[in-house]
Amino acid sequence: MHPSPHDLSSLSSTRRQLLHPQHATAYADAAHLAIDHVTAALRRVRGPVTGLEPARAAAPVREVDLDAPLGCTAQALSELDRVWLDDTVWFHEPGYAAHLNCPVLIPALVAEAVLSAVNPSLDTFDQNVGATFVERHLVDWVAARAGLGPRADGVFTSGGTQSNLQGLHLARDQVRSRRPGTDLARLRVLTSVDAHVSVERATRLLGLAPDAVRTVAVDERRRMRPDALARALAEVQAQGATAMAVVATAGTTDHGSIDPLGPVAGLARAHGAWLHVDAAYGGGLLVSRRHRHLLDGIELADSVTVDFHKTWFQPVSCSAVLVRERDHLRHVTFRADYLNPADGGGATRAPNQVDKSLQTTRRFDALKLWMTLRVMGADAIGEHVDAVVDLARSVHARLEADPRVEVAAAPELSTLLVRPVVPGLDAAQQDALVPRVRSALWSGGRSVVAATVVDGRRWLKLTLLNPLATPEDIEAVVADVVEAARTVVAEQAA
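Computed from a predicted structure; not experimentally measured.

A. View of the pattern of salt bridges. Applying the stated rule across the entire model yields 35 salt bridges. The partner of Asp-173 in a salt bridge is Arg-176, and the shortest N-O contact between them spans 3.1 Å. Within this pair, Asp-173 and its partner Arg-176 are both found in helix H7 (residues 160-178), separated by three residues, close to a single helical turn. By relative accessible area, which is 12% here, Asp-173 ends up buried. In this structure, Asp-386 and Arg-290 form a salt bridge, with 3.8 Å as the shortest nitrogen-oxygen distance. Separated by 96 residues along the polypeptide, Asp-386 in helix H13 (residues 378-400) and Arg-290 in the loop between strand S6 (274-279) and strand S7 (303-307) bring together distant segments of the chain. Note on Arg-290: relative accessible area 46%, which makes it partly exposed. Look at the salt bridges and you will find they share partners, linking Glu-112, Arg-363, Asp-365 and Lys-368 into a network.

B. The pairing of S6, seen in detail. Along S6, six of the six residues are buried, which leaves the element largely enclosed by surrounding structure. Of the two faces of S6, the one holding Trp-274, His-276 and Asp-278 and the one holding Leu-275, Val-277 and Ala-279 are both buried throughout. As paired strands, strand S5 (residues 242-249) and S6 are joined by five bridges and run parallel to one another. Among the inter-strand pairings, Val-247 is bridged to a residue of S6, identified as His-276. Tracing the backbone out of S5, into helix H10 (residues 261-270) and back to the parallel element S6 gives a crossover that is right-handed. Across four bridges, S6 lies against S7 in parallel orientation.

C. Broad picture of the sheet that holds strand S4 (residues 213-216). Taken together, the seven strands give an open sheet; going across it, the order is S2-S8-S7-S6-S5-S3-S4, and neighbouring strands pair in mixed fashion. The strands lining the two open edges of the sheet, one partner per strand, are strand S2 (153-157) and S4. Ignoring which end each strand starts from, the neighbouring axes of this sheet average 20° apart. By the bridge criterion, five bridges tie strand S3 (residues 187-192) to S5 in an arrangement that is parallel. Across the sheet, residue Arg-188 finds its bridge partner in S5, namely Ala-243. Packed on one face of the sheet, helix H6 (residues 130-145) meets S2 and strand S8 (319-323) and runs near 115° to S2.

D. Up close: helix H14 (residues 427-444). Taking 1.5 Å as the rise per residue, H14 with 18 residues should run 26 Å; its terminal C-alpha atoms sit 26 Å apart, in good agreement. By the burial criterion, the buried members of H14 are Gln-430, Asp-431, Leu-433, Val-434, Val-437 and Leu-441. Structurally, H14 contributes buried residues whose contacts are with strand S10 (415-420), strand S11 (448-454), strand S12 (457-463) and helix H15 (471-493). Its side-chain oxygen at 3.2 Å from the backbone nitrogen of Ala-428, Asp-426 defines the N-terminal cap of H14. Downstream of H14 by a residue or two, Gly-445 has a phi angle that is positive, lying close to 80°.

E. Layout of the sheet that holds S10. Pairing is mixed in the open sheet, where five strands are placed in the order S1-S11-S12-S10-S9. Edge positions in the sheet fall to strand S1 (96-97) and strand S9 (405-407), since each of these pairs with one other strand and no more. Strand direction decides the pairing type here: S10 and S12, joined by four bridges, are antiparallel. By the bridge assignment, Thr-415 is partnered in S12 with Thr-463. In the packing of H14 onto the sheet, the strands contacted are S10, S11 and S12, and the crossing angle to S12 comes to about 35°. Across the sheet, H15 is in contact with S9, S10, S11 and S12; its angle to S12 comes to roughly 150°.

F. Broad picture of the environment of Thr-305. Residue position: Thr-305 is located in strand S7. A relative accessible area of 0% means that Thr-305 is categorised as buried. Separated by 29 residues in the primary sequence, Thr-305 and His-276 have C-alpha atoms spaced 7.9 Å apart. Sequence-distant contacts of Thr-305, defined by excluding residues within four places in its chain, comprise Gly-160, Ser-163, Asn-164, His-276, Val-277, Asp-278, Ala-279, Ala-280 and Ala-320.

G. Expanded view of the side chain of Gln-174. Structurally, Gln-174 can be placed in helix H7. The exposure class of Gln-174 is buried, given its relative accessible area of 12%. A polar contact is formed between the side chain of Gln-174 and the side chain of His-331, at a distance of 2.8 Å.

H. Seen up close, the environment of Val-481. Of note, Val-481 is situated in helix H15. Take Val-481: its relative accessible area is 1%, and that puts it in the buried class. C-alpha of Val-481 to C-alpha of Gly-445: the two residues are 36 residues apart in sequence and 12 Å apart in space. Apart from residues lying up to four places away in sequence, Val-481 is in contact with Pro-420, Val-437, Leu-441 and Leu-460.

I. Quick look at the packing of aromatic side chains. Applying the stated criterion across every chain, the model contains five aromatic pairs. With centroids separated by 4.9 Å and ring planes inclined at 70°, the aromatic side chains of Phe-91 and Tyr-96 adopt a geometry described as edge-to-face. For Phe-91, a relative accessible area of 28% gives the class partly exposed. Both rings, one in Trp-141 and one in Trp-312, keep their centres 6.2 Å apart while their planes meet at 75°; by these two values the pair is edge-to-face. Residue Trp-141 is found in helix H6, and its partner Trp-312 is found in the loop between helix H11 (308-311) and S8; the two are separated by 171 residues along the sequence. By relative accessible area, Trp-141 is classed as partly exposed at 25%. Put simply, the rings of Trp-141, Phe-156, Phe-308 and Trp-312 pair up and form one aromatic cluster.

Rules used throughout
- Residues numbered from 1 in each chain as written.
- Predicted model: local features only at pLDDT ≥ 70, side-chain atom pairs only at ≥ 80, totals over all residues.
- Heavy atoms only, no water.
- Salt bridge = Lys/Arg side-chain N within 4 Å of Asp/Glu carboxyl O.
- Helix = DSSP H or I, 4+ residues; strand = E, 2+ residues; numbered from the N terminus.
- Buried < 20%, exposed > 50% of the residue type's maximum accessible area, 1.4 Å probe, protein only.
- Pairing = 2+ DSSP bridges.
- Right-handed = clockwise from strand over helix to strand, strands pointing away.
- Axes fitted to C-alpha atoms, helices over the stretch in contact; angles between N-to-C directions.
- Contact = heavy atoms within 4.5 Å.
- Expected span 1.5 Å × (residues − 1).
- Polar contact = N/O pair within 3.5 Å; in protein donor to acceptor, adjacent residues only side chain to side chain.
- Phe/Tyr/Trp six-rings, centres within 6.5 Å; stacked < 30°, edge-to-face > 60°.

Nothing here speaks to function; it is geometry throughout.
In structure tokens, the structure reads:
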């Protein structure tokens, strides 16, 4: 049965939506329309959020009939305002101080436009050609910044969770390669009590025991204590278990604390344990001219996580896992005749990035960092890193003298923990106040903060990743915290 003329017309129109030289004008028109739309949205922004609640945010999305296309990019963009853009979160706003979300650099957005249009995949050379070598050159450059040595290597990933998983995957298989028949149930991973949740998640995915992760105490600045680590390693050995890995954190999520990397590395090496450094947050210090010393000892790591979509100001997703010994990447290499045969399918084996990665199809995210470096340079990124570190320290110093709030330990990176001080409330009442204050701030739309629990007590968390924010901007966020606390307490008393 042949299609009707109407069907043929629809098919032709649909085909015009494919990127093709004959459709270049349509592509340019649509892309410019999208850029103009985002630009207009930026100009409408009056705060980090509108305070929309989940039920109201879900309603217009559910109303969309995905089986009834609009047939028009302009109409689809207009609809997008209603279902998302009008109420999205804007990380460039100085009132946004919640999670590890950064404002992004324009050269990286240019790269996003290019890589999305060309749509290369970084798994095999014959799906991207030069992109393979762009990523490899960037990995070499970042590894050199970390001081990992001449045999270093790595690969880009989707984020810190995947990078941490791959680092511990390598650690596990390195133990098994040295000691065939190793019982996975006897392997242990030691990390601080403030380590990222992805460490424990990785051990579950890798088939380790439910109690494989042993947490180590921290000092008053929330850094792993080497003496506590030494005791924990000795206990693992005394129990007949094996210390598979030690995970040091260079920038904890709640505190921005950096574990003492040198002493931790010495202890890991003395016990034959793999050292993984989770620098997802603190990795931006690699390009800092004033604070790079905070990462001293990172060069001793066996593997390192760096998230460029945090303190390198790149769009999500953009991360990497680095290794000091390139041969260790063999533990994630699998061969498939249709993908990366051992002989390259011919006389010369192709340089395939899938040989190093847990992923197969993978975006050319490295291009974002490449374009940023080529337009701005590493020092310019480092100046942004220095700006947020300086901002956190300046605000902390001011808040220490502010009787309206309590602040936690001085920051090493750009995270502050604060709590409103309300006379007459006991500890339990103060803890109950924290989530209500956070909710009130969200509804107000002017300030957005996160929250966490430290040693059983609730705190509000300010994560400062906006290089354009000033101390006065952050003091305004704190003033909103104080005012919201007063309002909540007054409402409770009424």
